[in-house]
Amino acid sequence: MDMDLDKVQGSKAETDCREEKENVIVQVKENTDIKHVNEEGIMEEKENEEKGECKEERRKELQNTRCTAVKCVCVEAVSGLRSMGERVLEGVEKVCEFWGRVVTGHPFIAIFITLMVVGACSLGLLNLKLEQRTSKLWYPQDSNIVKVDEWRSHHFPAQHRSHVLLWESEENVLTAVFVKRIFEARQQLLNVTFYNNGTALRFQDICLRVRSYVTPLPALSTYFNMSGVDAETQKASYCQQVEALPTVCYERSFLEVWNNDPEIIMNLTDEMVVRDINHNKVSPVFGLPIRFTDFFGGKEMDGNGQVVKARVTRHTLVTSIRRNVPTVDDLANNIAIDKASLSWEKAVLSEALAISSDTNFRLVPNIAISMWKESAASIFGDVPWLVTGWVVLIVYALITLGRPCATLVGICSVGLSVAVSYGLCSALFVPCGTVTYILPILLLGLGVDDMYVIVAAWEVASENGSRDLAWVGGRTLRMAGISIMFTSFTDAIAFLVGLSSRLPAISWFCGYAAVGIVSTLFLQSTLFLAALSLHHHYISPIFSVVLPSWMQRSTNIVQRVIKHYSMIIGRTGVTVGVTVVTLLLLGLGCWGASCLNIKYEPKWMLSRSSYLYNWFEIMEQYFPPTGYTGVVFFGGVNITTELPGLRSLVTDLYALPIITNVDAWFLQLEKTLEMRSNASWSVFEEASSLFLHSPEGSRYIHHIAYQGPLLCGHPILNISNFKLHFRIQMLTSNSEEQKAMTDIIKIVKEANITGYHSVYANGFHSWEMERHISSELKLQMITVISVVALMTVAMIGINTIALLVVGCVAAILLETSALMHVLGLTIDPITTIALILAGGLSVDYVAHIAHAYLATRGDRQTRAQAAVCKVGPPVLHACLSTFLAFVILAPSESHLFQVFFKVYSVVSLLGLLYSLIVLPCLLAGFGPQRLQPSSTQSTSPLCEASNTSLTHNTTDGEAQHDITHNTINTSNSSTRHTFTPDS
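Residues numbered from 1 in each chain as written. Predicted model: local features only at pLDDT ≥ 70, side-chain atom pairs only at ≥ 80, totals over all residues. Heavy atoms only, no water.

**Student:** Can you tell me about the sheet that holds strand β18 (residues 722-729), naming the residues and giving the values?
**Tutor:** Read across the open sheet, the 4 strands follow the order β17-β18-β16-β19; overall the sheet is antiparallel. Here the strands that pair on one side only, and so sit at the sheet edges, are β17 (659-663) and β19 (756-761). Across the sheet, the axes of successive neighbouring strands diverge by a mean angle of 20°, strand direction being ignored. Bridge analysis of strand β16 (residues 627-635) against β18 gives 8 bridges, and the strand direction is antiparallel. Within β18, the position partnered with Val631 by the bridge is His725. Against the sheet, helix α6 (residues 144-155) touches β16 and β19, its axis set at about 110° to β19. Across the sheet, helix α26 (residues 734-749) lies against β16, β17, β18 and β19, angled at about 160° from β19, the strand it touches most. (Pairing = 2+ DSSP bridges. Helix = DSSP H or I, 4+ residues; strand = E, 2+ residues; numbered from the N terminus. Axes fitted to C-alpha atoms, helices over the stretch in contact; angles between N-to-C directions. Contact = heavy atoms within 4.5 Å.)

Now the structure itself:
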């Protein structure tokens, strides 16, 4: 009788709407034909117009009529969107039910075919390509920084590697005892022996060798300005003197002041150490001016301005890179090194760490290979914490799901989905970046969430005691399929849109994530569902006896707690309080997100307890940077004809307030040799050769790319590829850095010079990364929210539910960003990936509540309470399991795991807050009032069965909380009624 009455009311409502529309059309037609009334009416109208009354009335009437017509059209459009959502839901439900029947009806066949598909997809792992080079991961491949890197690696490949040692004392390094101990340790390091192809080698065999100008040379300008035969003779004599100079290994430390002589050093006193360090101004090793006090940090001065005490001193060793032998890629520094140099670096690093264990002083090394080794060790060193978190999550799932074998199959399905993702993407030649390693974290969270929803639906579907597992499986996937498909496809589409990212690391990760999410959905709805079927067919009778009673009651306890909590949802005071608190949180979220800074430092990728991280800390404390070194590269430039443009470029760079120095070798050449500015090309080539072999020009040797060997007195042919250096003052804010980079690039780009010219500075990598990371983060956040909005509208139409779902997801992301600022995080590559993943997880939490509300009948409060009762337990378990998995990472020392611990702990707690408290209360206060009958769809069986269960589970001593007042015939799945939401 109730259904007949509903149908009559529905037909009457449609008739009333049709009649109202016809009346509107008639009124519009009458207003349009008013011009054709008889002459008497026209005269009367003119009289009324003179009074200013009729015209105003007619205008208002016409306006109201048109507004009514527009309103009717808008209502029809919204109704059309709702109808589309209804048809989509109906189709998805039918497909899910069919798939569930097939899988649970033939579980062994389903498992076999699924494993075969997974195996075939995993074959793509044979084509797996790992990419760890920073320039290939975090910069658009068409950006200036990448282009400059490629040009530099081709025309100016790295020729040497620097290794910096820090010697630290708790008291004073300027003592004779400390100097002697450093010298002894130095000898140990220089005598480290390694073998290359059976040959024993030491530092002196692979070091960068330079000339020592201890023996004075005549001034070059004297020889160069001479002419005739005598000039050629004098130049030849000068080159002979240069060639006779000894070469020494390039090693810089305060020990140079005593020429690294053991006899002098072993007889030093404290007074002699202080005197020699302060008064000697020329290096006895290289014969070049030097200030030895610059080697010390934490200095204390006496009244005369002399350094009398210091805490730290630095020591630099430089090795050469051989190019005519097999090389190995140093991924951290993005350069290729020969195997001999790599062997020495490993050996000397091991020796340095052994020396650092001395209690009298501390040696903190930074060998060139250290960043490569320590960044990898930092991540893999904390893997046990990650594994512990996974174990905790698995144990929690085993306890709360109560089906150990099926649960383990579900966990293994996540691992298989990772293999499918890596295999398919590798088969499509998508490289695997370093951030892709964290994909299992996302898939594990989503997979466990799906498991909880499927198990909850299975329990509801099997409440009637049916032994037909195929029927139960079909009903289970019909009930749970909408929720898990909505969340999975929303996440997958969001990540697919992320493929358009200009940053390769994010683009590749989004591709792997999209495939992995769809794979997780497929495997959970096949392998896990089949495992559930087998569990209830073979294991359940035994398991119910063996399982401890407290484990059997755990699920019921959670359900009873959620049920009692749901009773307060919808009360006026609760709704008002939750709304106020939510608005306050949003306000604080806006404030915190606006304070979030953009900053990235390479040392963050290191463990905080590592020696290398400590090296960076000491350098910042005792040797703070004074600026950045920049380089302008030139290629294919005729230096004699382009000298005016080069001078103009130097002038323009000096004009920038942030530039403190420009060091151009060609200008120093003119100054040293007193050359004419209009010197010919041949003169310039010969002059360059002499200049680069002089004490003044030797430091510029690596500023030119040579076509052949550099020989004194022989002209340097075809000088076209060269560079000049400049210094940028220290900048304190991201805005200053971005402006400085933009201004410098603009000046170099607009220089009036023919040929290739581009600029690079050692701060540009970080600044360029920060600029692109910021824009990409904003783009990805907008993408996630937009996709959530579109998918929500497509599934449930335009209504209050869709608005609240999108608002909750946006609020979770906003408040997560704010708490990142509070927890000391900044926007960097790792936090960007973490926030993108957070968007995927946050959708899962709120979407299940929204779908449950949509599928329930009744008023606002009843539907909100039923939604919480129905999916509250699985959502609670999903949030808590994610929280437990990541809170275990709290003791980890790597930046990567610290970010994931902080971000995902926050996301899981905020997801719990918004899914079980904020969203239900807002739905109870502002959601759709009721569901109207429709003849095209059916009510969600999950809602009906769950509501019946809730009614039967109430005891006599409890207040009856009857959700629906409806009973269903569970034995006949074809008898259903459909309800669609009001706006």
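**Student:** Quick one: what's the story with unusual backbone geometry, residue by residue and with numbers?
**Tutor:** For Asn259, which is not glycine, the phi torsion reads 60° and is therefore positive. Assignment of secondary structure puts Asn259 in the loop between β7 (251-252) and α11 (262-265). Of note in the backbone geometry, Phe429 takes a positive phi value of approximately 65° without being a glycine. Along the chain, the position of Phe429 falls in the loop between α16 (404-427) and β15 (432-433).

**Student:** Go over the state of the cysteines with me, naming the residues and quoting the values.
**Tutor:** Under the definition given, this model contains 2 disulfides. Between the sulfur atoms of Cys207 and its disulfide partner Cys249 the distance amounts to 1.9 Å. Here the disulfide of Cys207 and Cys249 is left-handed, its torsion about the S-S bond being about -60°. Of this pair, Cys207 sits in the loop between α8 (203-206) and β5 (209-211) while Cys249 is found in strand β6 (residues 247-249), placing the two residues 42 residues apart along the sequence. In terms of burial, Cys207 and Cys249 fall into one category: buried. The side chain of Cys239 participates in a disulfide bridge whose partner is Cys712; the two sulfur atoms lie 2.2 Å from each other. The sign of the -75° torsion about the S-S bond sets the Cys239-Cys712 disulfide as left-handed. Residue Cys239 is located in helix α10 (residues 228-244), and its partner Cys712 is located in the loop between α25 (681-692) and β18; the two are separated by 473 residues in the primary sequence. The pair formed by Cys239 and Cys712 is uniform in burial state, with each residue classed as buried. (Disulfide = S-S within 2.5 Å. Buried < 20%, exposed > 50% of the residue type's maximum accessible area, 1.4 Å probe, protein only.)

**Student:** How would you explain the packing of aromatic side chains if you had to name every residue and give the values?
**Tutor:** Each aromatic ring pair is described using two quantities: the centre-to-centre distance and the angle formed by the ring planes. Inspection of every chain in the model, using the stated rule, returns 23 aromatic pairs. For the ring pair Phe203 and Trp344, a centre distance of 5.6 Å and an interplane angle of 35° mean the geometry is tilted. Of the two residues, Phe203 sits in helix α8 while Trp344 sits in helix α13 (residues 339-355), which places them 141 residues apart along the sequence. The residues Phe203 and Trp344 share a single accessibility class, namely buried. A network of ring pairs unites the aromatic residues Trp151, Phe156, Phe633 and Tyr756 as a single cluster. In this arrangement the basic side chain of Arg152 is found over the ring face of Tyr760, its NZ or CZ atom lying 4.6 Å from the centre. (Phe/Tyr/Trp six-rings, centres within 6.5 Å; stacked < 30°, edge-to-face > 60°. Lys NZ or Arg CZ within 6 Å of the ring centre and 35° of its normal.)

**Student:** For the packing of helix α28 (residues 800-822) against helix α29 (residues 829-854), give the residues involved together with the corresponding values.
**Tutor:** Close contact between α28 and α29 brings their axes to 9 Å; oriented N to C, the two are set at 150°. Judged on the interaxial angle alone, α29 and α28 are roughly antiparallel. The handedness of the crossing between α28 and α29 is right-handed. Between α28 and α29, the contacting residues are Ile801, Val805, Cys808, Val809, Ile812, Leu813, Thr816, Ser817 and Met820 on the first element and Thr831, Leu835, Ala838, Gly839, Ser842, Val843, Val846, Ala850, Tyr853 and Leu854 on the second. Taken together, the residues of the contact of α28 with α29 sort by class into 14 nonpolar, 5 polar and no charged. (Parallel < 35°, antiparallel > 145°, perpendicular 65-115°, else oblique. Left-handed = near helix turned anticlockwise from the far one by under 90°. Nonpolar A, V, L, I, M, F, W, Y, C, P; charged D, E, K, R; others polar.)

**Student:** Can you explain the pattern of salt bridges? Please cite residues and give values.
**Tutor:** Where charged atoms from two side chains of opposite charge approach closely, those side chains can pair. One pass over the structure, following the stated rule, counts 23 salt bridges. Among the ionic pairs, Glu345 bridges to Arg161, the shortest N-O distance being 2.6 Å. With a gap of 184 residues between them, Glu345 in helix α13 and Arg161 in strand β2 (residues 160-168) connect regions that are remote in the sequence. Across the pair, exposure class does not vary: Glu345 and Arg161 are buried alike. Note that Lys603 and Glu601 form a salt bridge whose closest N and O atoms lie 3.9 Å from each other. The residues Lys603 and Glu601 share a single accessibility class, namely buried. (Salt bridge = Lys/Arg side-chain N within 4 Å of Asp/Glu carboxyl O.)

**Student:** Describe in detail the side chain of His703, supporting the description with residues and values.
**Tutor:** Mapping His703 onto the fold places it in the loop between α25 and β18. Assessed through its relative accessible area of 7%, His703 is described here as buried. What His703 contacts, discounting residues up to four positions off in sequence, is Phe156, Trp665, Phe722, Lys723 and His725.

**Student:** Would you mind going over the packing of helix α7 (residues 176-190) against α13 in detail, with residue names and values included?
**Tutor:** The geometry of a pair of packed helices is captured by two quantities: the angle between their axes and the separation between those axes. Two elements in contact, α7 and α13, have axes separated by 9 Å at closest approach and are oriented at 155°. In this view, α7 runs roughly antiparallel relative to α13, as classed from their interaxial angle. For the pair α7 and α13, the crossing hand works out as right-handed. Contacts between α7 and α13 involve Ala185, Gln188 and Leu189 from the former and Val348, Glu351, Ala352 and Ile355 from the latter.

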